[in-house]
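Residues per chain are reported as follows:
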Amino acid sequence: MTTAAIYGCEGHRLTDAEKAFFSDVRPWGFILFRRNVESPDQLRALTAELRACIDNPDAPILIDQEGGRVQRMGPPHWPKYPPGDAYLKATNDPLAARELARLGARLMAHDLKEVGINVDCVPVLDVPVPGAHDIIGDRAYARDPATVAQLGRAAAEGLLAGGVLPVIKHMPGHGRAFADTHKELPTVHADLDTLDAWDFAPFKALSDMPIGMTAHIVFTAIDKKRPATQSRKAIKLIRERLGFGGLLLSDDLVMNALSGTLTERAEKSLKAGCDLVIHWNGVMEEMQQVAAGVGKLKGGAKRRADAALARIVHTPEPLDVHEARLRFDAALAGRLDAAKGPDVAEAQA
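Within every chain, residues take consecutive numbers counted from 1 along the sequence as written. The model is predicted, so local features are restricted to residues of pLDDT at least 70 and side-chain atom pairs to those at 80 or more, both for listing and for counting; the totals for chains, interfaces and linings are taken over all residues. The side-chain values count all of the structure's non-hydrogen atoms but skip hydrogen atoms and water molecules.

Looking at the overall build of the protein chain
Step number 1: Within the protein chain, the regular secondary structure consists of 13 helices and 12 strands.
Step number 2: Computed over C-alpha atoms, the radius of gyration of the protein chain comes to 20 Å, within 12% of the 20 Å expected from 2.2 N^0.38 for 349 residues, which places it in the range of a compact globule.
Step number 3: Principal-axis analysis of the C-alpha atoms places the extent of the protein chain at approximately 65 × 50 × 30 Å.
Step number 4: Only protein chains enter the accessibility calculation, which uses a 1.4 Å probe. A residue is then buried if its area is under 20% of the maximum for its type, exposed if over 50%, and partly exposed in between. Expressed as a percentage of its 349 residues, the buried residues of the protein chain come to 57%.
Step number 5: Throughout, a residue-residue contact means that at least one pair of heavy atoms, one from each residue, lies within 4.5 Å. Across the protein chain, the fraction of contacts at a sequence separation of at least 24, relative to all contacts at a separation of at least 6, is 76%.
Step number 6: Only the protein chains shown count as covering a residue, and every accessible area follows the Shrake-Rupley method with a 1.4 Å probe. Surface summary for the protein chain: the accessible area is close to 14,300 Å², and the carbon and sulfur share equals 52%. The secondary structure listing takes helices from DSSP runs of H or I that are at least 4 residues long and strands from runs of E that are at least 2 residues long, numbered from the N terminus. Only C-alpha atoms enter the radius of gyration; for comparison, a globular chain is expected to reach 2.2 Å times N to the power 0.38, where N is the number of residues.

Some remarks on the pairing of strand 7 (residues 165–171)
On a regular strand, each side chain points to the face opposite its neighbour's, so the side chains alternate between the two faces of the sheet.
Step number 1: Most of strand 7 is tucked away: seven of the seven residues are buried.
Step number 2: For crossovers, right-handed means that the path from the first strand over the helix to the second runs clockwise, given strands pointing away from the viewer. Taken together, strand 6 (residues 119–120), helix 5 (residues 145–161) and strand 7 constitute a β-α-β crossover, and its handedness is right-handed.
Step number 3: We treat two strands as partners when DSSP finds at least two bridges between them. Direction of pairing for strand 7 relative to strand 9 (residues 211–214): parallel, over a ladder of four bridges. Within the sheet, the bridge partner assigned to Met171 lies in strand 9 and is Thr214.

Digging into the side chain of Ser269
Step number 1: Following the sequence through the fold, Ser269 ends up in helix 9 (residues 262–272).
Step number 2: Polar contacts, as counted here, are pairs of nitrogen or oxygen atoms within 3.5 Å of one another; within protein the pair requires one atom able to donate a hydrogen and one able to accept it, and residues that are adjacent in sequence qualify only if both atoms are side-chain atoms. Separated by 2.8 Å, the side chain of Ser269 and the backbone oxygen of Arg265 make a polar contact.
Step number 3: Every residue in contact with Ser269, bar those within four places of it in the chain, is listed here: Thr229, Gln230, Leu253, Cys274 and Val277.

Let's talk about the layout of surface pockets
Step number 1: Here the term cavity refers to a set of points on a 1 Å grid, laid over the protein atoms alone, in which a 1.4 Å probe fits but cannot get out; the term pocket refers to an open set having protein on both sides within 12 Å along at least five of seven lines, with lining residues being those that place an atom within 4 Å of a point. Grid points are joined across faces, edges and corners, and a volume is the space filled by probe spheres set on the points. Empty space within the largest pocket amounts to approximately 380 Å³.
Step number 2: Forming the boundary of the largest pocket are 20 residues, of which Phe33, Asp64, Arg72, His182 and Met255 lie nearest the centre.
Step number 3: Among the secondary structure elements, those contributing two or more residues to the lining of the largest pocket are strand 7 and strand 11 (247–252).

So, the confidence of the model for the protein chain
The predicted coordinates should not be examined in detail at positions where pLDDT is low.
Step number 1: Mean pLDDT over the protein chain works out to 94, with 96% of the residues at or above the 70 mark.
Step number 2: Note that pLDDT drops below 50 for residues 336–349; the model gives that stretch three contacts with residues more than four away or on any other chain. Per residue, pLDDT measures the predictor's confidence, with a range of 0 to 100.

Notes on the sheet that holds strand 7
Step number 1: Ordered by their spatial adjacency, eight strands build a closed barrel running 1-2-3-6-7-9-11-12, and the pairing between neighbours is parallel.
Step number 2: Here three bridges tie strand 1 (residues 3–7) to strand 2 (residues 27–32), and the two strands are oriented parallel to one another. Of the residues in strand 2, the one forming a bridge with Tyr7 is Phe30.
Step number 3: A fitted line through C-alpha atoms represents every axis, and for helices the fit uses only the stretch in contact; the resulting angles, taken between N-to-C directions, go from 0 to 180 degrees. In the packing of helix 1 (residues 16–25) onto the sheet, contacts are made with strand 1 and strand 2, and the angle to strand 1 comes to roughly 155°.
Step number 4: Here helix 11 (residues 299–309) sits on the sheet and contacts strand 2, strand 7, strand 9 and strand 11; the angle it forms with strand 11, its principal contact strand, is near 95°.

Considering the pattern of salt bridges
Step number 1: Think of a salt bridge as a Lys or Arg side-chain nitrogen and an Asp or Glu carboxyl oxygen that are within 4 Å of each other. Summed over all chains, the structure comprises 22 salt bridges.
Step number 2: Ionic pairing is found between Asp41 and Arg44, a salt bridge with its closest N-O pair at 2.7 Å. Of this pair, Asp41 and Arg44 both sit in helix 2 (residues 40–53), three residues apart, roughly one helical turn.
Step number 3: The exposure class of Arg44 is partly exposed, given its relative accessible area of 33%.
Step number 4: Notably, a salt bridge pairs Glu157 with Arg153, separated by 3.8 Å at the nearest N-O pair. A residue pair is termed a helical-turn pair when its members lie 3 or 4 positions apart in one helix, as Glu157 and Arg153 do in helix 5 at four residues.
Step number 5: Owing to a relative accessible area of 35%, Glu157 belongs among the partly exposed residues under this scheme.
Step number 6: Look at Arg153 and you get partly exposed, because its relative accessible area is 23%.
Step number 7: The network of salt bridges with shared partners includes Asp64, Glu66, Arg72, Arg139 and Lys169.

Now the structure itself:
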């Protein structure tokens, strides 16, 4: 029996207690963070161990590998990738930026697939407004919905071509939040027409993507009391107005934007219409609380989960990794040289 949850783990390898817990509760998948990452060989061993626990060699293993501030795998074993806004800054041309964003995501997919990770929580489709909290900031591809949609689709397609599923986030939009959901619950007071034209637009444009993640934000135009993750009204809007038919994940249950016990948080999120809940930190006592609020993955949620996994390409698009990385780095370096000015660029040539 697969349950409607995704869990983290504490370290570089699983403890006996973690193995027993995962084997017992049989989550749909797992999520990794920087604390779980040491080297390619270690990561391959960990992803194999996680899948062995639930006797599923194809189990989804997620990571947040955006680039910039949010990159769980980095130097010395993996390249440092830029934040989302770097692609447009490097090219100053949405079409060229689109090609660069796709290439960056294709390279990330190669890195992830090499160590057994098959889901990346990218692209960020949030569109910041002036004065919003910097929790999104440079993670956003641009400052307008149309360009965010263009570059977000490019990134998603790069991941898919490399055999990794993208996750569009944070539905129905985090760009207008004036607080960090890790610390508190933001409330957005914009009217529905404003939200539809700005915040919702990139998600509507990428409604065909296999997986999405909710935002822990109250939108008073949708539901005055509950954050989107735990609001039936907001989930209905995501399904109907945004047209999203894919697998819907909650953002992390531990965030302070949510209240109540972890059991209650899981129950409320699933009851509202999330298909799966995420618990990230690997603390055993907390995972046990979440498990008490999570039932079997079934019905429409299971169908959406199966459909998402069916989108994984098991023979990735051909890629000359060395050539692609040189091309990617050169495009970004060109932007850095231009920023330094012609005299400095010439002196370093």
